[in-house]
Amino acid sequence: MVRPYIRTGGRVRPHRDVRLESVVVAASGAADELGPDARRVLSLFAVGRGGLAVADIAAALRLPPSTVRIIVSSLMDSGHLASPAPAVEDQPRNDLLQKVLDGLRELV
């Protein structure tokens, strides 16, 4: 058994706000210089596969979620992983959402 602080290079917190529900996608970069756990994370992103939640990565690799959060944060820092941001213009307007909510309440 390898201790989590060994897997993370002694880090106890991620540099970024990476939560268990955060979705990440593979970006670019050579994986040769990465450690074995980082390469294992990247291996989950097959060609054409979409994003994965950090919790799913932890479950697939059978690693503690806190450790995976730190590894994913490091991979994001190095540019190997990215977190897709939703397009702002694709968001519905607040007044439309309010009308939908009012309509749903009338149905109940």
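The next subject is the confidence of the model for the protein. Here the protein averages 84 in pLDDT, and 86% of its residues register 70 or above. Ranking the elements of the protein by mean pLDDT puts helix α1 (residues 4-7) last with 66 and helix α3 (residues 54-61) first with 94.

Looking now at the nonpolar core. Judged by nonpolar contacts, the single largest core of 20 residues is most densely connected at Val 41, Ile 57, Val 72, Leu 75 and Leu 81. Mapped by element, the contributors of at least two residues to this core are α2 (36-43), α3 and α4 (65-77). Among the elements that line this core, the one with the most residues is α4, at five residues.

The subject of this paragraph is unusual backbone geometry. A positive phi is found at Arg 62, a non-glycine position, where the angle reads about 55°. With respect to the helices and strands, Arg 62 occurs in the loop between α3 and α4. Of the residues examined, Arg 62 reaches a relative accessible area of 78% and is grouped as exposed.

Calculation criteria
Residues numbered from 1 in each chain as written. Predicted model: local features only at pLDDT ≥ 70, side-chain atom pairs only at ≥ 80, totals over all residues. Heavy atoms only, no water. pLDDT = per-residue confidence, 0-100. Helix = DSSP H or I, 4+ residues; strand = E, 2+ residues; numbered from the N terminus. Core = buried A, V, L, I, M, F, W, Y, C linked by side-chain atoms within 4.5 Å. Buried < 20%, exposed > 50% of the residue type's maximum accessible area, 1.4 Å probe, protein only.

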